[in-house]
Amino acid sequence: MASPVIITAVRTAILLLALLVFLGYIMMWIMMPTDTYYNHWLLHILADTNSTFFGIQGPIMLDFTFPILFIAVLGCIYLHMGKRKSSITESKRDTKLRFLKRPMIVKGLGIITVTELALFTMFIALCVWYFSDYLRHWFKQVPVLSTTRGEKEWESKVERVGLVAGVAGNLCLTFLFYPVSRGSSILPMLGLTSEGSIKHHIWLGNIGMALFTVHGLLYFVYWGFTNRLSELLKWDDHYVSNVAGEISLLCGLALWVTTYPTIRRKMFELFLYTHYLYILFIIFFILHTGIGFACIMLPALYLFVIDRYLRFLQSRAKVRLLSALVLQCQTVELNFSKTRGLSYNPTSTIFINVPSISKLQWHPFTITSNSNLEPETLSVIIKCEGSWTRKLYDVISSPSPIDHLQVSVEGPYGPATTNFLRHDMLVMISGGSGITPFISIIRELIFIRSTLKCKTPKIKLISVFKNFSNLSMLDLILPASSYSSNSSNLDLQIEAYVTREKGNSKGKFEPSRTICFKPNASDEPISPALGPIVGSGLLVARFCGTRSRVPKKLSNFKHTEESTTIKSSEDIELESLPLESVTKSINVHYGHRPNLKRILMEIKESNVGTLVSGPKRYEGGCCSHMLKWAGR
């Protein structure tokens, strides 16, 4: 087996090679609008790659498709070699490029890292250059065009601006599908995840549709002023088909309108189903522009289609749902059977489909289980926050529950590496169900502490809940395994805040209810996702026993508006590892939100990692406090 030093050197070489190829790919885009490209580069490319079979689109496909596919192959090798490294060694390594992942708040963009901001800035610069240079190039043709067509120069300029807007929109379309290719090897190589890159897909989609809309409107204006409205019905077999472009634009507008945040939140089904119009949008876009021009955006579409096909193959299988734990706070924990060959990092997500609720809807949920502590089980926590989750909760928590639930999954998807061990202390700030990714991190640290005997950072978990009943989610922090308290003694402190209730003596925890599902012969354990690295494993079944978990110590909280502190004791009884065995103290506060500025300023450790998870507004406010604290 190669030493870690050799593996690191090879991965660095692969990363540099991929960067070099990508810079060459971007250089092609930079040069494309220039006279040099059309008068010199393109002529040499066509001469050197002349083919009677592929025609003129062959060289263009070669120039714009091969570099991306080559980078994707390098990414597969890079990620595969990364799995051979010790996660402990890598986590402890002090990387000089750590600042590239530092979050910041940018007005209009939200919370992004330095890497994301740099990529977005370069893309905007490329768009501006692409638009302005094409405009300069085609404005030179205005005098000749206006004379030939018998129209005014301003009318020809309107037509040229419309054309350039469409061409610039194609640039956005070229990069649109990279962020939504969940199994892509390109994003992890940049330190990004598909979940965190959805915002890039939104930005590209908004910019692209704005340009395509301007493109269509300017051509409507141009045809109207030049008395050529008959062009609206033109379908040219050899050049631009206007009818196809109009159909593509209508599909894009319908898709774009339903992405408005209010519509997406309140009418998610409408947003989801209209998003499938992207298929018609792409088909008619290609018919509108012709394959010779559309092939420029094919690399990302090709990777997306391959990724979508692999996801389809995985989603065809019906997975084995072992049990469901129903909590009083309208929350349910689903426990699936998985193969031992399936491993994933903390904060990974999985997409779940329940055909009895909706055959088309797939919803992502954070995996809370740990693949090392629980090698045969995969768990997710689902809280009622929408119509789909409400229907799922009603089905499972019904007084006469079903004995089998058909479920399909896609994933898991998550970060390629984690670097929690490089910190002296971790501060985790969660709002509501945002606690779920932190559960996976805590379980990972329990495994590292108990099995690998490595030093782990101190943990300060600040959880904010609306109601007292939501405190029952704290019972899910620890796995249902037999790790001893001595070997898993984390320095963990929990600060829980109940914002909409004040302490009272009536609040009590009701027993959680476990529902075990009967096995079905057609159900299979969850296997490794088909993606850049395809794995396989033995099908492992797990027998599920009935259990009822009640955090007794939590039920004895003193209900006051002041903080309630619970020290470690032997009063709590859980089937899982006792919460107090890894918890220094649990403080519960009623009737107010946490004073994050004060809490963060009281931290004395020098190397502190801060993680935030929750609603968008909550994350933004927390990050604002953190940035002020980091600059103190």
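Residues numbered from 1 in each chain as written. Predicted model: local features only at pLDDT ≥ 70, side-chain atom pairs only at ≥ 80, totals over all residues. Heavy atoms only, no water.

- If you check an unreviewed UniProt entry, the protein chain appears there as ferric-chelate reductase (NADH) from Sesamum latifolium.
- Taken from UniProt, the Subcellular location (unreviewed entry) comment for the protein chain reads in full: "Membrane".
- Quoted verbatim from the Cofactor (unreviewed entry) field of UniProt, the annotation for the protein chain is "FAD". (UniProt positions renumbered as here; feature names shortened; annotations may be inferred.)

Quick notes on the overall build of the protein chain
Link 1 in the chain: In terms of helices and strands, the protein chain carries 20 helices and 15 strands.
Link 2 in the chain: Residues counted as buried form 50% of the 632 residues belonging to the protein chain.
Link 3 in the chain: Once local pairs closer than 6 in sequence are excluded, the contacts in the protein chain between residues at least 24 apart make up 77%.
Link 4 in the chain: Counting only carbon and sulfur atoms, one obtains 62% of the accessible surface of the protein chain, whose full area is about 30,500 Å². (Helix = DSSP H or I, 4+ residues; strand = E, 2+ residues; numbered from the N terminus. Buried < 20%, exposed > 50% of the residue type's maximum accessible area, 1.4 Å probe, protein only. Contact = heavy atoms within 4.5 Å. Areas by Shrake-Rupley, 256 points an atom, 1.4 Å probe, with all protein chains shown as cover.)

Section: the packing of aromatic side chains
Pairs of aromatic rings are described using the distance from one ring centre to the other and the angle between the two planes.
Link 1 in the chain: Enumeration according to the criterion identifies 22 aromatic pairs in this entry.
Link 2 in the chain: Where F66 meets F70, the ring centres are 5.8 Å apart and the plane angle is 20°; that geometry is what we call stacked. Remark: F70 and F66 occur in helix 3 (residues 57–83); sequence separation between them is four residues, near one turn of the helix.
Link 3 in the chain: Chaining the aromatic ring pairs together yields one cluster made of Y25, W29, F123, Y130, Y134, W138, F175 and Y178.
Link 4 in the chain: A cation sits over an aromatic face here: R160 above W138, 5.8 Å from the ring centre.
Link 5 in the chain: Taking the ring centre of F351 as reference, the NZ or CZ of R182 above it sits at 3.5 Å. (Phe/Tyr/Trp six-rings, centres within 6.5 Å; stacked < 30°, edge-to-face > 60°. Lys NZ or Arg CZ within 6 Å of the ring centre and 35° of its normal.)

Quick word on helix 10 (residues 242–257)
Link 1 in the chain: Taking 1.5 Å of rise per residue, the 16 residues of helix 10 would be expected to cover 22 Å, and the 22 Å separating its terminal C-alpha atoms lies within 8% of that figure.
Link 2 in the chain: When helix 10 is considered as a whole, its buried residues turn out to be N242, A244, G245, S248, L249, C251, G252 and L255.
Link 3 in the chain: Contacts made by the buried residues of helix 10 are with helix 9 (198–225), helix 12 (268–275) and helix 13 (278–289).
Link 4 in the chain: Backbone nitrogen of A244 and a side-chain oxygen of the N-cap are separated by 3.4 Å at the start of helix 10; the cap is S241. (Expected span 1.5 Å × (residues − 1). Polar contact = N/O pair within 3.5 Å; in protein donor to acceptor, adjacent residues only side chain to side chain.)

Let's talk about the sheet that holds strand 12 (residues 513–516)
Link 1 in the chain: Across the sheet, four strands lie side by side as 7-4-3-12; this open sheet has antiparallel pairing. The outermost strands of the open sheet, each flanked by one partner alone, are strand 7 (377–383) and strand 12. Averaged over all adjacent pairs, the angle separating strand axes in this sheet is 20°, with direction ignored.
Link 2 in the chain: Where strand 4 (residues 331–337) lies against strand 7, seven bridges are found, and the strand directions are antiparallel. When the sheet's bridge partners are listed, N335 is paired in strand 7 with S379.
Link 3 in the chain: On top of the sheet, helix 16 (residues 387–396) reaches strand 3 (321–327), strand 4, strand 7 and strand 12; it is set at about 75° to strand 4, its chief contact. (Pairing = 2+ DSSP bridges. Axes fitted to C-alpha atoms, helices over the stretch in contact; angles between N-to-C directions.)

Comments concerning the pairing of strand 11 (residues 492–498)
Link 1 in the chain: For strand 11, the buried fraction is high: six of the seven residues fall into the buried class.
Link 2 in the chain: Across seven bridges, the pairing between strand 10 (residues 458–465) and strand 11 is parallel. Of the residues in strand 11, the one forming a bridge with F465 is V498.

Focus on the sheet that holds strand 8 (residues 408–413)
Link 1 in the chain: The three strands are arranged 6-5-8 in an open sheet whose pairing can be described as antiparallel. Looking at which strands have only one partner, the edges of the open sheet turn out to be strand 6 (363–366) and strand 8. On average, each strand axis in the sheet is tilted by 25° relative to the strand beside it, whichever way the strands run.
Link 2 in the chain: Bridging between strand 5 (residues 349–353) and strand 6 involves four bridges; their strand directions are antiparallel. Residue I352 lies in a different strand from strand 6, and its bridge partner there is H363.

Some remarks on the nonpolar core
Link 1 in the chain: Of all hydrophobic cores here, the largest spans 58 residues; its most connected members are W29, F64 and F177.
Link 2 in the chain: Looking at this core, the element that brings in the most residues is helix 3, giving nine residues.
Link 3 in the chain: In this structure, F177 is in contact with Y278, I282, A300, L301 and F304, ignoring residues within four places of it in sequence. (Core = buried A, V, L, I, M, F, W, Y, C linked by side-chain atoms within 4.5 Å.)

Comments concerning the side chain of H201
Link 1 in the chain: Among the secondary structure elements, H201 is positioned in helix 9.
Link 2 in the chain: Residue H201 is classed as buried on the basis of its relative accessible area, which comes to 18%.

Describing unusual backbone geometry
Link 1 in the chain: The residue after G411, namely P412, is reached through a cis peptide bond having omega 10°.
Link 2 in the chain: Assignment of secondary structure puts P412 in strand 8.
Link 3 in the chain: Phi angles above zero are rare outside glycine, and N227 is one such case at about 55°.
Link 4 in the chain: Tracing the sequence through the fold places N227 in the loop between helix 9 and helix 10.
Link 5 in the chain: Backbone geometry at Q330 places phi at a positive 55°, although glycine is not the residue there.
Link 6 in the chain: Along the chain, Q330 falls in the loop between strand 3 and strand 4.

Examining the environment of E524
Link 1 in the chain: Turning to its location among the elements, E524 is positioned in the loop between strand 12 and helix 18 (552–555).
Link 2 in the chain: Sequence-wise, E524 and K318 are 206 residues apart; in three dimensions their C-alpha atoms are separated by 6.2 Å.
Link 3 in the chain: Here E524 is in contact with A317, K318, V319 and R320, once residues within four sequence places are set aside.

Section: the pattern of salt bridges
Link 1 in the chain: This model, assessed by the stated rule, comprises 18 salt bridges.
Link 2 in the chain: Between R182 and E410 there is a salt bridge, with its nearest N and O atoms 2.7 Å apart. Residue R182 is found in the loop between helix 7 (153–175) and helix 8 (186–189), and its partner E410 is found in strand 8; the two are separated by 228 residues along the sequence.
Link 3 in the chain: A relative accessible area of 22% places R182 in the partly exposed class.
Link 4 in the chain: When the shortest N-O distance is used, the salt bridge between E602 and R598 registers 3.1 Å.
Link 5 in the chain: For R598, a relative accessible area of 40% gives the class partly exposed.
Link 6 in the chain: Connected through salt bridges with shared partners, the residues R182, D307, R308, R311 and E410 form a single ionic network. (Salt bridge = Lys/Arg side-chain N within 4 Å of Asp/Glu carboxyl O.)

Some remarks on a nonpolar patch on the surface
Link 1 in the chain: A grouping of W235, Y273, Y276, I279, L280, I283, L287 and L360 is seen on the molecular surface, where their side chains present a nonpolar patch of about 710 Å² in accessible area.
Link 2 in the chain: Among the elements that make up the nonpolar patch, the one with the highest residue count is helix 13 (four residues).
Link 3 in the chain: On the secondary structure map, I283 appears in helix 13.
Link 4 in the chain: On the accessibility criterion, I283 (43% relative accessible area) is partly exposed. (Patch = residues over 30% accessible without salt bridge, like charges linked within 9 Å, V, L, I, M, F, W, Y side chains within 5 Å.)

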